[in-house]
Amino acid sequence: MTNAAIAGMFSDLADLLEIEGANAFRIRAYRNASRTLDSLTDSLEAIVAEDPGKLMQIPGIGKDLALKIQLTIETGQLEQLEQMKEKIPPDVVRMLCIPGIGPKKVAVLFRKLHLTTLDQLKHAAQTGAISQQKGFAKKTEQIILEGLEHLEQMGLRMFLADAKPFVDQMVQELAGLTGVDRVCLAGSVRRLKETVGDLDILVAASAPDQAMDYLANHPQTDKVLARGETKQRVRFHPFARTITPGGSQVAMEMDLRVVPEESFGAALQYFTGSKEHNIETRKRASQRGFKLNEYGLFRGEEVVASVEEKDIYAAIDLPWIPPEIRQDRNEFHLAEAGEIPDLVELGQIRGDLHMHTTATDGRATIEEMIEAAIERKLKYIAITDHSKRVTMANGLDATRLRAHWENIRSIREQYPEIEVLCGIECDILEDATLDLDDEVLAEADFVIAVLHYGLKQPKDQITKRLLNAIKNPHVHMIGHLTGRLLGKRPGAEISFEDVFKAAADHGVLMEINAHPSRLDLNEIHAAQAKELGIPIVINTDAHSTTGLDVMQWGIYQARRAGLSAKDVANTLTAKQFRKLLR
Ligand code: DGT
Ligand code: CA
Ligand code: CA
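## Re the packing of helix α1 (residues 3–20) against helix α7 (residues 103–112)
In step 1: At a minimum axis separation of 7 Å, α1 and α7 run at an interaxial angle of 45°. In terms of their interaxial angle, α1 and α7 are classed as oblique. Note that α1 runs across α7; the crossing there is right-handed. Two secondary-structure elements touch here, α1 through Asp-15, Glu-18, Ile-19 and Glu-20 and α7 through Pro-103, Lys-104, Val-106, Ala-107, Phe-110 and Arg-111.
In step 2: For the contact of α1 with α7, a count of residues per class yields five nonpolar, no polar and five charged.

Written out as structure tokens, the structure is:
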């Protein structure tokens, strides 16, 4: 159990208590505890394993909280949170996912207006019943309706970043069973899609029962939804998730399929998908006089290939295609031309060019961020706190920014093993000017320009803002281009063509923001940018030391876009990267 998962439980508990109308002091205590645990460098699990008494040495954690943390680690559940979930309907908790609607507002919707489902909420917003409440404007009803619409689109899909660690653990457990020969992920979770609808695991075993029984009796399994001779579908208990909208209310489901070892490759190819990719593979098979299904590739009754995936592809005259790009976009074309890219890997990343410190809304100091970056083997980073427009995050004006840089310059001298760039995440204002003067930006080592506000402006205006930023000679990179938040809000409407063309012309880099709720650029736009030769930078946008660990999700995004190390600028050495900057 990660610190973030435990912190997430305490933060969920604080939210639910606030909805219930509990004592403000108690709520604050849990919220503070959550923040403390989240920014802790040492693993709570390790502390408890060594000596649970040491929990009380964490600032702000007293006897009562220490015991709760210990029990959470030992049982996998925070008991008070489970009790609160019994009291508050799941849909009421989901209302928290609507941007701009926090626990205070949900408390009113639930306790004053007695809204207990999302349908009731929608109806109340449509009929104007909500704006009659104190503290609610007409605009809030609009926000609620838009939020609900977006939530519906997300459905019950889960972020890959939440699903993957869970399903990887399950694969490991199944692989340990004596009767199981091979185990592999399948479906969207194998293709590393940014969100997954359900989990798919494929097992090769001579006797299917052992794996199926293991899963049926697993402590995380809530219910066996269906069981056949070779397949089983289960629903898990909702597990502590810290990112996917819906809090810990989405119960994940999983398909387990058990096949004999001799058809493992064919089954894996079939169940990995995507459906669109499979339509094309089947078509290619039949053009060659074969039949392809989950049991194998056949000529009449004769099995031509079935044990390994690569044999199936070879039989239809293709090299093995990495699962990430199996989406029937251009992978068949690349495969035929022998141009399947060598997809970028986490180990190739040398720099991280987007992160925050306590100077604005980060939770770690400059020193802490530098040390955490060194621990993660990074050779160069840029510290890029917010500019003044982001008042909520205590954004920096020119004076404070210069002092901050001065501070960074003196601190970085103590760390010769890493190069630290003085950066800024500068807002592109609604009127298309930048939040800081050129004079200041000129002094930066690295300038990120981003949209935070006015994301709903018309396409022309948004595009104009981006083009102005790109033309500014001091801007090096555009951060999280569209500003989308998965499951919460769509990105701004942009003329991607114009923006990418300008970026290519002016030598401005484009970011893949690796945060699991952003992953912005998406795979299609990242592939477009690559086509135009725009160097892409994959950044964590870390707001804490552990925030640096989300790099992996950005790498997956880049892989799905078909990017190799040569397309990703932060695989360069520090020296090469500096040369690339204008
Ligand atoms: P998801 O779960 O919505 O994130 O997406 P997938 O791709 O994991 O879809 P899922 O779980 O329904 O099925 C897993 C794979 O199994 C899918 O990618 C391809 C294969 N598959 C399932 N049903 C069909 C089907 O009706 N036709 C074909 N061609 N393939 C299928
Ligand atoms: Ca699936
Ligand atoms: Ca499935």
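## Describing the pairing of strand β5 (residues 221–227)
In step 1: When β5 meets strand β6 (residues 231–236), the two strands line up antiparallel, connected through five bridges. Bridged to Thr-221 within β6 is Phe-236.
In step 2: Counting the residues that bridge the hairpin from β5 to β6 gives three residues.

## A word on the coordination of the calcium ion (ligand 3)
Four donors placed tetrahedrally about a metal ideally form angles of 109.5 degrees, and six donors placed octahedrally ideally form angles of 90 or 180 degrees.
In step 1: Distances from the calcium ion (ligand 3) to its protein donors, namely Asp-198 (OD), Asp-198 (OD), Asp-200 (OD) and Asp-255 (OD), fall within the range 2.4 to 2.8 Å.
In step 2: Between consecutive donors of the calcium ion (ligand 3), the numbers of intervening residues give the motif D-x1-D-x54-D.
In step 3: In this structure, the calcium ion (ligand 3) is positioned 3.6 Å from the calcium ion (ligand 2), and both are ligated by Asp-198. Pair check on accessibility: Asp-198 and Asp-200 agree, each one buried.

## What about the packing of aromatic side chains?
In step 1: In this structure the tally under the stated criterion is seven aromatic pairs.
In step 2: Aromatic side chains Tyr-270 and Phe-271 sit 4.8 Å apart centroid to centroid with 85° between the ring planes, which places their arrangement in the edge-to-face category.
In step 3: Residue classification places Phe-271 among the buried residues on the basis of a relative accessible area of 18%.
In step 4: Ring-pair connections join several aromatic residues into one group, and the members of that group are Tyr-380, Phe-446 and Phe-577.

## Brief notes about the site of ligand 1
In step 1: Close to ligand 1 lie 16 residues, the nearest being Arg-157, Ser-188, Arg-191, Gly-197 and Asp-198.
In step 2: Within the contact set of ligand 1, an oxygen atom lies 2.9 Å away from a side-chain nitrogen or oxygen of Asp-198.
In step 3: One nitrogen or oxygen atom from the side chain of Asp-200 is found 3.1 Å from an oxygen atom belonging to ligand 1.
In step 4: Against a free-state accessible area of 590 Å², the protein chains account for coverage of 73% of ligand 1.
In step 5: When contributions to the shell around ligand 1 are tallied by element, the ones reaching two or more residues are α11 (187–190), α13 (264–272) and α14 (275–287).
In step 6: Looking at side-chain class alone, the shell around ligand 1 contains three nonpolar, seven polar and six charged residues.
In step 7: Here the shell around ligand 1 spans two domains, since at least three of its residues come from each of domain 2 (155–259) and domain 3 (263–340).

Criteria and cut-off values
- Residues numbered from 1 in each chain as written.
- Chains lettered and ligands numbered in written order.
- Predicted model: local features only at pLDDT ≥ 70, side-chain atom pairs only at ≥ 80, totals over all residues.
- Heavy atoms only, no water.
- Axes fitted to C-alpha atoms, helices over the stretch in contact; angles between N-to-C directions.
- Helix = DSSP H or I, 4+ residues; strand = E, 2+ residues; numbered from the N terminus.
- Parallel < 35°, antiparallel > 145°, perpendicular 65-115°, else oblique.
- Left-handed = near helix turned anticlockwise from the far one by under 90°.
- Contact = heavy atoms within 4.5 Å.
- Nonpolar A, V, L, I, M, F, W, Y, C, P; charged D, E, K, R; others polar.
- Pairing = 2+ DSSP bridges.
- Donors = N, O, S within 2.8 Å, 3.2 Å for Na, K, Ca; no water.
- Buried < 20%, exposed > 50% of the residue type's maximum accessible area, 1.4 Å probe, protein only.
- Phe/Tyr/Trp six-rings, centres within 6.5 Å; stacked < 30°, edge-to-face > 60°.
- Near = heavy atom within 4 Å.
- Polar contact = N/O pair within 3.5 Å; in protein donor to acceptor, adjacent residues only side chain to side chain.
- Areas by Shrake-Rupley, 256 points an atom, 1.4 Å probe, with all protein chains shown as cover.
- Domains from an automatic or database assignment.

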